[in-house]
Amino acid sequence: MSGDIAVLGAGMHPWGKWGRSFVEYGTVAARAALADAGVDWTDVRSVVGADTVRGGYPGYVAGATFAQALGWQGARVTSVYAACASGAQAINTARAQILAGMADVVLVVGADAAPKGFFAPAGGDRHDDPDWLRFRVLGATNPAYFGLYARRRMALHGDTVEDFAQVKVKNAAAGSLNPNARYRKAVTAEEVAASAVVADPLRLLDICATSDGAAALVLTSMDFARRHGAADPVRIRAVSTVTPTYPKAVLDLPDIATDSAAVVEPSPHSFRASIARAAYEEAGMGPEELSLAEVYDLSTALELEWYEELGLCGTGEGAKLVRDGATALGGRIPVNASGGLASFGEAVPAQAIAQVCELTWQLRGTAGARQVAGARVGITANQGLFGHGSSVVAVR
């Protein structure tokens, strides 16, 4: 087990389609996090930026970009890219610097200005890039992949489109209470069923949008937090950024082939399950101790998968949790009390950071109408292209 670090500040720029620079969004979020922490910008000794590939050179060097936008003051900078896991990688980098004694106060920022429609690979011909190949060879856009995964759940576990719709209903209800969410309107199962088919069996309201937005955290050593007057801050206890274990016997985006299982038996645990297991092991706790979870709901069906991979229920039992109301606000283990990506959409470098912002507010008891009563332990789950795990455990 490694040492805890403190979350002194959390801030966001609301998600939406604002038509402005990601730098503006990130600067707003950073200043909000600094104000929340009661820390001056000049106190920050390191800035870790989660990169956006859509921002050109400023996006590729996000740490320096945000440091410059806030005003050069000599802090060290780091820029991190791991697709949708970029935010968790940035948090992990900040944690490593704090625990190594390199910096007492670190600002973590992620922001994006996303394109309309689904994400596509960067331009150019790259025949050795599996992400490029799945689009060009298979025509497998992200929604197509989500649809295939939904069909797999239906075939293996008997999930129904009605089960998927209930995930959207649950998340939209929570998102309607979140001032940072892009979509703040409750929806019904009938409205989900009436929305356009995108990738059968998933409809438009089953799939998250692409969004502009930003999130930031001020992370510090426990000694600094105490000197700063924070006797009982929210603490990050574990960060999991593991990769898959050979062999991989189930297709996963963006991979379009499996590893050979002819010599080595596949692991009994999926890649997603291994992300959570590593986080639990490092934190020294298990799923039975969780108060809430924030998971990567690219689609309604994928959220059900995360329930099982996090150990909230057995394999194939995810839909039952939704039917029973266990993962709704007021349920046994609320999942995506923020509203999830269903309510926010994807702002790729920001979303894993935004998940920790939500845990921070929930564990402080300051989440307002969406507050999970008595929240003490929370976990995030995310996943980036090319085997980037992403999970954070926060406690209070």
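From a predicted model like this one, the values you see are computed outputs, not experimental measurements.

So, how was this worked out
- Residues numbered from 1 in each chain as written.
- Predicted model: local features only at pLDDT ≥ 70, side-chain atom pairs only at ≥ 80, totals over all residues.
- Heavy atoms only, no water.
- Core = buried A, V, L, I, M, F, W, Y, C linked by side-chain atoms within 4.5 Å.
- Buried < 20%, exposed > 50% of the residue type's maximum accessible area, 1.4 Å probe, protein only.
- Helix = DSSP H or I, 4+ residues; strand = E, 2+ residues; numbered from the N terminus.
- Contact = heavy atoms within 4.5 Å.
- Pairing = 2+ DSSP bridges.
- Patch = residues over 30% accessible without salt bridge, like charges linked within 9 Å, V, L, I, M, F, W, Y side chains within 5 Å.
- Areas by Shrake-Rupley, 256 points an atom, 1.4 Å probe, with all protein chains shown as cover.
- Salt bridge = Lys/Arg side-chain N within 4 Å of Asp/Glu carboxyl O.
- Axes fitted to C-alpha atoms, helices over the stretch in contact; angles between N-to-C directions.
- Phe/Tyr/Trp six-rings, centres within 6.5 Å; stacked < 30°, edge-to-face > 60°.
- Lys NZ or Arg CZ within 6 Å of the ring centre and 35° of its normal.
- Parallel < 35°, antiparallel > 145°, perpendicular 65-115°, else oblique.
- Disulfide = S-S within 2.5 Å.
- UniProt positions renumbered as here; feature names shortened; annotations may be inferred.
- Expected span 1.5 Å × (residues − 1).

## A word on the nonpolar core
(1) Moving on: Among the nonpolar cores identified, the biggest contains 49 residues, and Tyr307, Leu310, Leu312, Ile379 and Val393 are the most heavily contacted of them.
(2) Moving on: Among the secondary structure elements, those contributing two or more residues to this core are helix H6 (142-157), helix H7 (161-175), helix H10 (271-283), strand S9 (292-295), helix H11 (300-309), helix H12 (318-323), strand S10 (377-384) and strand S11 (388-395).
(3) Moving on: Of the residues forming this core, the biggest block, 6 residues, is contributed by H10.
(4) Moving on: Setting aside its immediate chain neighbours within four residues, Ile379 contacts Ala279, Tyr280, Leu290, Leu292, Ala293, Glu294, Leu310, Leu359, Ser391, Val392 and Val393.
(5) Moving on: In terms of nonpolar packing, the next biggest core, distinct from the first, is built from 38 residues, Leu217, Val239, Ala354 and Ala394 among them.

## Here's the deal with the pairing of S10
(1) Moving on: Within S10, 8 of the 8 residues are buried, which leaves the element mostly enclosed by the surrounding structure.
(2) Moving on: Every second residue of S10 is oriented toward a common face, with Val377, Ile379, Ala381 and Gln383 on one face and Gly378, Thr380, Asn382 and Gly384 on the other, all of them buried.
(3) Moving on: Of the strand pairs in this sheet, S9 and S10 are connected by 4 bridges, and their pairing is parallel. Within the sheet, the bridge partner assigned to Glu294 lies in S10 and is Thr380.
(4) Moving on: When S10 meets S11, the two strands line up antiparallel, connected through 6 bridges.

## Some details on unusual backbone geometry
The phi angle of most residues is negative, glycine excepted, and most peptide bonds adopt the trans form.
(1) Moving on: Put simply, Asp200 and Pro201 share a cis peptide bond, and its omega is 15°.
(2) Moving on: By the secondary structure assignment, Pro201 is in the loop between strand S5 (197-199) and strand S6 (202-203).
(3) Moving on: In this chain, Tyr246 is followed by Pro247 through a cis amide linkage whose omega measures -5°.
(4) Moving on: Structurally, Pro247 can be placed in the loop between strand S8 (234-240) and H10.
(5) Moving on: The phi dihedral of Ala83 falls on the positive side, at around 55°, and the residue is not glycine.

## Topic: helix H3 (residues 62-70)
(1) Moving on: If you check which residues of H3 are buried, you get Ala62, Gly63, Thr65, Phe66, Ala67 and Leu70.
(2) Moving on: On its buried face, H3 sits against helix H1 (22-37), strand S2 (46-50), helix H2 (56-60), strand S3 (76-80) and strand S4 (105-113).
(3) Moving on: Phi for Gly71, located one or two positions after H3, is positive at around 115°.

## Here's the deal with a nonpolar patch on the surface
(1) Moving on: A cluster of nonpolar side chains, Val53, Tyr57, Tyr60, Val61 and Tyr81, forms an exposed patch at the surface whose accessible area comes to about 540 Å².
(2) Moving on: Checked against the element boundaries, Tyr60 lands in helix H2.

## Some remarks on the sheet that holds S4
(1) Moving on: Within the open sheet, the 9 strands sit side by side as S3-S2-S4-S7-S1-S8-S11-S10-S9. Their pairing is mixed. Only two strands of the sheet have a single partner each, and these edge strands are S3 and S9. On average, each strand axis in the sheet is inclined to that of its neighbour by 25°, with strand direction left out of account.
(2) Moving on: Pairing of S8 with S11 involves 5 bridges; the strand directions are antiparallel. Its bridge partner being in S11, Ile236 is matched across the sheet by Ala394.

## Side note on the packing of aromatic side chains
(1) Moving on: Enumeration according to the criterion identifies 6 aromatic pairs in this entry.
(2) Moving on: With a centroid separation of 5.9 Å and an interplanar angle of 80°, the aromatic rings of Phe22 and Phe66 are classed as edge-to-face. Highlighted residues: Phe22 in helix H1 and Phe66 in helix H3, separated in sequence by 44 residues. For the pair Phe22 and Phe66, a shared accessibility class is recorded, and that class is buried.
(3) Moving on: An aromatic cluster of three or more residues is present, and its members are Tyr145, Phe146 and Tyr149.
(4) Moving on: Positioned above the aromatic ring of Tyr149, the side-chain terminus of Arg152 is 5.9 Å from the ring centre.
(5) Moving on: Above the ring of Tyr149, the side-chain terminus of Arg272 is found at 4.9 Å from the ring centroid.

## Concerning the packing of H7 against H11
(1) Moving on: Interaxial distance between H7 and H11 falls to 8 Å at its minimum, and their mutual angle equals 90°. By the angle between their axes, H7 is roughly perpendicular relative to H11. Listed contacts from H11 to Phe164, Val167, Lys168, Lys170 and Asn171 of H7 are Thr300, Ala301, Glu303, Leu304 and Tyr307.

## Considering the state of the cysteines
Simply put, the disulfide is a covalent bond whose two ends are the sulfur atoms of two cysteines.
(1) Moving on: Under the definition given, this model contains 0 disulfides.
(2) Moving on: We note that Cys84 lacks a disulfide partner, and the nearest cysteine sulfur, in Cys208, lies 8.4 Å from it.
(3) Moving on: What makes Cys208 buried here is its relative accessible area of 13%.

## Focus: the UniProt feature "domain: Thiolase C-terminal" (unreviewed entry) in the protein
(1) Moving on: Here, the residues flagged by UniProt with the feature "domain: Thiolase C-terminal" (unreviewed entry) are residues 276-392.
(2) Moving on: End-to-end, the C-alpha atoms of residues 276-392 are 9 Å apart, and along that stretch the chain is 39% helix and 15% strand.

## Here's the deal with helix H4 (residues 86-99)
Given 3.6 residues per helical turn, the α-helix brings residues three or four places apart onto the same face.
(1) Moving on: If you check H4, its first and last C-alpha atoms are 20 Å apart, about what 14 residues at 1.5 Å a residue would give, namely 20 Å.
(2) Moving on: The buried count for H4 comes to 11 of 14 residues, which makes it a mostly enclosed element.
(3) Moving on: Every buried residue of H4 is listed here: Ser86, Gly87, Ala88, Gln89, Ala90, Ile91, Asn92, Ala94, Arg95, Gln97 and Ile98.
(4) Moving on: Just beyond H4, the residue with positive phi is Gly101, at close to 80°.

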